[in-house]
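# Geometric and topological summary
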Amino acid sequence: MGFSNAMTVTRFAPSPNGPLHLGHAYSAIVAHDIAREAGGKFLLRVEDIDGARSRTELVEEFRADLAWLGLECEEVSAQSTRIVTYLDAAETLRRDGLLYPCECTRAQIAEAARQTGPAGPVYPGTCKGRSVNSDGPVAWRLDIEKALSKAGSLEWIDELAGAQRAEPELLGDVVLLRKEAPASYHLAATIDDAADGVTLVTRGQDLFAATHIHRLLQELLGLPIPRWHHHGLLLDGNGKKLAKRRGSPSLADRRRAGEDGLILADRLRRGDFPTGISLGND
Ligand code: GLU
């Protein structure tokens with residue numbers, strides 16, 4: 001019939017480097033409700049690939065926050081337990097000649113970058129084709145030009161924005177293995193979504209452009225292709241994405257203050273946001 005009978009599997013994938021706030025609650029509710037309406041599964045995955053920034057005590061808070069909001073989930077393996085898988089995948093890409101080592105610092109890149117892409121300065125390719133001693137601390141970057149000529153033209157579907165042509169070149173030669181952490185978000189999240197059987201990747205529109213890279217990685221690594229749903233972001237009174245550092249109260253604080261999480265979740269579902277907060281694009 002051409003229709004897939006696969007069960008809808010969505011996920012909420014927070015990084016434990018700060019407490020969850022209303023924006024996270026909204027994101028988790030979107031993922032949870034889509035799965036529930038489809039009779040599918042809603043997963044919680046802890047994205048703790050960055051050991052130096054991850055705070056394990058937050059994970060217990062995340063579980064309590066979701067339960068408080070009434071979002072039942074199935075927790076899958078955290079990224080810190082899957083490092084070997086990421087390294088194996090990177091090794092496959094390296095053997096295919098698609099990665100190169102890079103020793104540039106953030107400051108050097110900011111200075112040398114000639115373009116700014118949707119996710120910040122685009123790496124100008126300084127180390128590409130240079131001999132870099134990879135015994136020292138280096139990052140491994142994806143050679144987008146080579147990767148694209150191997151993968152050809154790709155498409156992906158966003159349930160809200162429609163069919164998209166993958167344009168990973170907008171982000172340039174992204175890092176897949178980081179100097180200071182075992183793998184980058186792009187590599188780890190793409191591998192995890194496949195390993196966890198995620199069929200619909202739901203996340204905020206701030207990560208829309210990352211999907212161009214993820215779609216390319218899926219092709220290069222022979223992974224299944226999910227659909228995506230990039231939802232709007234909760235913005236503060238200045239039109240900025242909610243963030244703990246800008247003073248958005250955490251869900252844990254609200255929970256401890258005795259607020260009813262089920263009522264809060266229903267208000268967020270209905271678009272009845274607290275004063276000063278709106279749904280939009282950062
Ligand atoms: N771990 C990411 C974050 O907390 C989410 C990544 C994703 O949903 O793909 O922003």
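The preceding data block contains the structure.
The notes below deal with the structure included here. (Residues numbered from 1 in each chain as written. Predicted model: local features only at pLDDT ≥ 70, side-chain atom pairs only at ≥ 80, totals over all residues. Heavy atoms only, no water.)

Interaxial distance between helix α1 (residues 22–37) and helix α9 (residues 261–270) falls to 10 Å at its minimum, and their mutual angle equals 80°. On the basis of the axis angle, α1 is roughly perpendicular to α9. Of the residues in α9, those touching α1 at Leu22, Ala25, Tyr26, Ile29, His32, Asp33 and Arg36 are Leu264, Ala265, Leu268 and Arg269. Residue classes in the contact of α1 with α9 are distributed as seven nonpolar, one polar and three charged. (Axes fitted to C-alpha atoms, helices over the stretch in contact; angles between N-to-C directions. Helix = DSSP H or I, 4+ residues; strand = E, 2+ residues; numbered from the N terminus. Parallel < 35°, antiparallel > 145°, perpendicular 65-115°, else oblique. Contact = heavy atoms within 4.5 Å. Nonpolar A, V, L, I, M, F, W, Y, C, P; charged D, E, K, R; others polar.)

All right, on to helix α3 (residues 83–95) then. Compared with the 18 Å implied by 1.5 Å per residue over 13 residues, the 18 Å span of α3 between its first and last C-alpha is a close match. Among the residues of α3, those classed as buried are Tyr86, Ala89, Ala90 and Leu93. For α3, the arc enclosing every buried residue in end-on projection is 100°, short of the 170-degree limit, so these residues lie on one face. Across α3 from its buried face, at more than 90 degrees, point the exposed residues Val84 and Arg95. Tucked inside the fold, the buried residues of α3 contact β4 (99–102), β10 (175–177), α6 (185–195) and α7 (210–221). (Expected span 1.5 Å × (residues − 1). Buried < 20%, exposed > 50% of the residue type's maximum accessible area, 1.4 Å probe, protein only. Arc of directions from axis to C-beta.)

On to the pairing of strand β2 (residues 41–44). Of the pairings in the sheet, the one linking strand β1 (residues 9–12) to β2 comprises four bridges and is parallel in character. Residue pairing in the sheet places Arg11 in a bridge with Leu43 of β2. In this fold, the crossover linking β1 to β2 by way of α1 has right-handed handedness. Examined bridge by bridge, β2 and strand β3 (residues 74–75) share two bridges and lie parallel to one another. Across the sheet, residue Leu44 finds its bridge partner in β3, namely Glu75. As a crossover connection, the stretch from β2 through helix α2 (residues 57–68) into β3 is right-handed. (Pairing = 2+ DSSP bridges. Right-handed = clockwise from strand over helix to strand, strands pointing away.)

Of note, Asp192 is situated in helix α6. Using a relative accessible area of 0% as the deciding quantity, one classes Asp192 as buried. Excluding anything up to four places from it in sequence, Asp192 contacts Arg45, Gln79, Arg82 and Tyr86.

This part is about the environment of Ser15. With respect to the helices, strands and loops of the structure, Ser15 is situated in the loop between β1 and α1. Placed 44 residues apart in sequence, Ser15 and Val59 show a C-alpha to C-alpha distance of 8.9 Å. Not counting the four nearest positions on each side in its chain, Ser15 is found in contact with Glu47 and Phe62.

On to the pattern of salt bridges. Under the counting rule described, the total for this entry stands at 33 salt bridges. In this structure, the salt-bridge partner of Glu91 is Arg95, at a minimum N-O distance of 3.8 Å. In this pair, Glu91 and Arg95 are both assigned in helix α3, four residues apart and thus about one turn of the helix distant. Relative accessible area serves as the criterion here: at 62%, Arg95 is assigned to the exposed category. Ionic pairing is found between Glu145 and Lys128, a salt bridge with its closest N-O pair at 3.3 Å. Residue Glu145 is found in helix α5 (residues 144–151), and its partner Lys128 is found in the loop between β6 (120–121) and β7 (139–142); the two are separated by 17 residues along the sequence. Residues participating in the shared-partner salt-bridge network are Arg11, Arg45, Glu47, Arg82, Asp192, Asp193 and Asp196. (Salt bridge = Lys/Arg side-chain N within 4 Å of Asp/Glu carboxyl O.)

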